[in-house]
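If you want the building blocks of each chain, they are given just below.
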Amino acid sequence: MAKQELNRRQFLRSGAIAVGAMVAVGAGVGYLQKVTAESRINEEFLRPPGAIREKDFIYACIKCGLCIQICPVKAIKFAGIKEGLAYGTPYIDSRSQACDLSCDSIQCVETCPTAALYFAPFKTAGEKAIVKYDKTHKPDAGYNPFPVQILAMKKQVDMGKAQVNEKTCLAVRGKGFKGIPRGKEFKGINRSPYGNSPKATPLRDKQYDVKICDICVKECPMGEEAIVMAKHTMADGRIVNKPKVLDGCIGCGVCVMVCPTTEASIVVIPDKA
Ligand code: SF4
Ligand code: SF4
Ligand code: SF4
């Protein structure tokens, strides 16, 4: 009888422990599901050029790091462990190092083995540009279709769109800039659209002296199809100078990197469509 009582008590106690454990496991699974689901998609991530939709990208990317290795300006980084399932996937922090497209062949996309960075549209655009070029150019000594091919490929990049912060932008506030945009210690590099360097050079080696800041406009690798300085009417009726972002903006983030204000006065809103 005593033994039976003991067994019943033991049974009840072990049952309670089992139920408690199940609840704890259930809560843990629920927590993990929540954490991983939340971590799967980080809408603020700026993915490298050619990235497919974020919710597909997270599974298609095998975290091989080839895009990271091949980028000549080291713009692409591994996502850290706090990013959950996105851990090890590539992203770009353009404020510290933008994709300046100076690889000239969208190498990161070309090298991706799984098409998480999808090269087909770039290839097609490049081939079409060459076909068009061939219609008006003879294969003589001056024959060189590669600049049009490269430009057509660059236009396929769609990482996001730049957006200006009116409150801090120097141009909007009627201010210029003199000096090194991000200071002497800054390690970022880019290839200016003007100048003779075929390679990206350190931003800290560049001096500016502009009466109205337009550094983002000057350094944009996509030129006036992407961003121009324009007159803008503020909510209070004042007319100011302001960088105007156009349809040709591909979201490369060079403008974000070169902006001299303490917090960048221009940011890229990632395209997650
Ligand atoms: S397209 Fe941009 S991110 Fe990709 S390899 Fe070239 S410079 Fe690097
Ligand atoms: S570089 Fe920055 S501060 Fe200068 S015009 Fe562009 S957004 Fe404004
Ligand atoms: S405005 Fe130019 S530099 Fe800025 S993200 Fe767009 S394409 Fe890049």
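Keep in mind that this is a model prediction, so the values were computed, not measured.

A. The arrangement of the overall build of the chain in detail. When helices and strands are counted, the chain shows eight helices and 10 strands. By the burial criterion, 39% of the 273 residues in the chain qualify as buried. By sequence separation, contacts in the chain at least 24 residues apart represent 65% of the contacts at least 6 residues apart. When the accessible surface of the chain is summed, it comes to about 15,900 Å², and 58% of that surface belongs to carbon and sulfur atoms.

B. Highlighting the packing of aromatic side chains. By the definition in use, this model includes three aromatic pairs. For the pair Y133 and Y143, a centre-to-centre distance of 5.6 Å together with 65° between the ring planes defines the contact as edge-to-face. With Y133 in helix α5 (residues 120–136) and Y143 in the loop between α5 and α6 (146–154), the pair connects residues that are 10 residues apart, well separated along the chain. Of the residues examined, Y133 reaches a relative accessible area of 10% and is grouped as buried. Sitting above the plane of the F186 ring, R182 keeps its charged end 4.1 Å from the centroid.

C. Molecular detail of the site of ligand 3. Taken together, 13 residues are adjacent to ligand 3, and C220, C249, C252, G253 and C255 come closest. Tallied by class, residues from the shell around ligand 3 come to 11 nonpolar, two polar and no charged.

D. Summary view of the packing of α5 against α6. At their nearest, the axes of α5 and α6 sit 8 Å apart, and the two run at 145° to each other. Handedness of the α5/α6 crossing: right-handed. Every residue of α6 that contacts α5 at F122, A125, G126, A129, I130 and Y133 is listed here: V148, Q149, A152 and M153. Tallied by class, residues from the contact of α5 with α6 come to eight nonpolar, two polar and no charged.

E. Summary view of the environment of M153. The residue M153 is located in helix α6 in this model. Considering only alpha carbons, one finds M153 and A129, 24 residues apart in sequence, at a separation of 8.9 Å. Setting aside residues no more than four positions away along its own chain, M153 makes contact with S105, I106, F119, F122 and G126.

F. A look at the layout of surface pockets. One number sums up the size of the largest pocket: a volume of about 290 Å³. Forming the walls of the largest pocket are 21 residues, and the residues nearest its centre are G50, A51, I52, D158 and D271. Computed from the structure, the second largest pocket encloses a volume of approximately 190 Å³. Lining the second largest pocket, in full, are E44, F45, L46, Y91, I92, D93, S94, R95, V256, V267, V268 and P270. With three residues, the top contributor of residues to the lining of the second largest pocket is strand β10 (residues 266–270). Looking at the lining of the second largest pocket residue by residue, the classes come out as eight nonpolar, one polar and three charged.

G. Looking closely at the site of ligand 2. In the neighbourhood of ligand 2, the contacting residues comprise C169, L170, A171, C213, C216, P243, C259, P260, S265 and I266. Among the residues making up the shell around ligand 2, the classes are represented as nine nonpolar, one polar and no charged.

H. Seen up close, the pairing of β10. Side-chain alternation along β10 places I266, V268 and P270 on a buried face and V267 and I269 on a face that remains uncovered. When strand β3 (residues 160–164) meets β10, the two strands line up antiparallel, connected through five bridges. Bridged to A162 within β10 is V268.

I. Structural context of the pattern of salt bridges. Taken as a whole and assessed by the stated rule, the structure comprises 10 salt bridges. Note that K123 and E127 form a salt bridge whose closest N and O atoms lie 3.1 Å from each other. Placement of the pair is K123 and E127 together in helix α5, with a separation of four residues, close to one helical turn. Of the charged contacts, one joins K218 and D214 as a salt bridge, the two residues approaching to 2.9 Å between their closest N and O atoms. By relative accessible area, which is 31% here, K218 ends up partly exposed. Residue D214 is classed as buried on the basis of its relative accessible area, which comes to 19%.

What counts, and where the lines are drawn
- Residues numbered from 1 in each chain as written.
- Chains lettered and ligands numbered in written order.
- Predicted model: local features only at pLDDT ≥ 70, side-chain atom pairs only at ≥ 80, totals over all residues.
- Heavy atoms only, no water.
- Helix = DSSP H or I, 4+ residues; strand = E, 2+ residues; numbered from the N terminus.
- Buried < 20%, exposed > 50% of the residue type's maximum accessible area, 1.4 Å probe, protein only.
- Contact = heavy atoms within 4.5 Å.
- Areas by Shrake-Rupley, 256 points an atom, 1.4 Å probe, with all protein chains shown as cover.
- Phe/Tyr/Trp six-rings, centres within 6.5 Å; stacked < 30°, edge-to-face > 60°.
- Lys NZ or Arg CZ within 6 Å of the ring centre and 35° of its normal.
- Near = heavy atom within 4 Å.
- Nonpolar A, V, L, I, M, F, W, Y, C, P; charged D, E, K, R; others polar.
- Axes fitted to C-alpha atoms, helices over the stretch in contact; angles between N-to-C directions.
- Left-handed = near helix turned anticlockwise from the far one by under 90°.
- 1 Å grid on protein atoms, 1.4 Å probe; cavity = no way out; pocket = protein on both sides within 12 Å on 5 of 7 lines; lining within 4 Å.
- Points joined across faces, edges and corners; volume = space filled by probe spheres on them.
- Pairing = 2+ DSSP bridges.
- Salt bridge = Lys/Arg side-chain N within 4 Å of Asp/Glu carboxyl O.

Read these as geometric descriptors, not functional statements.
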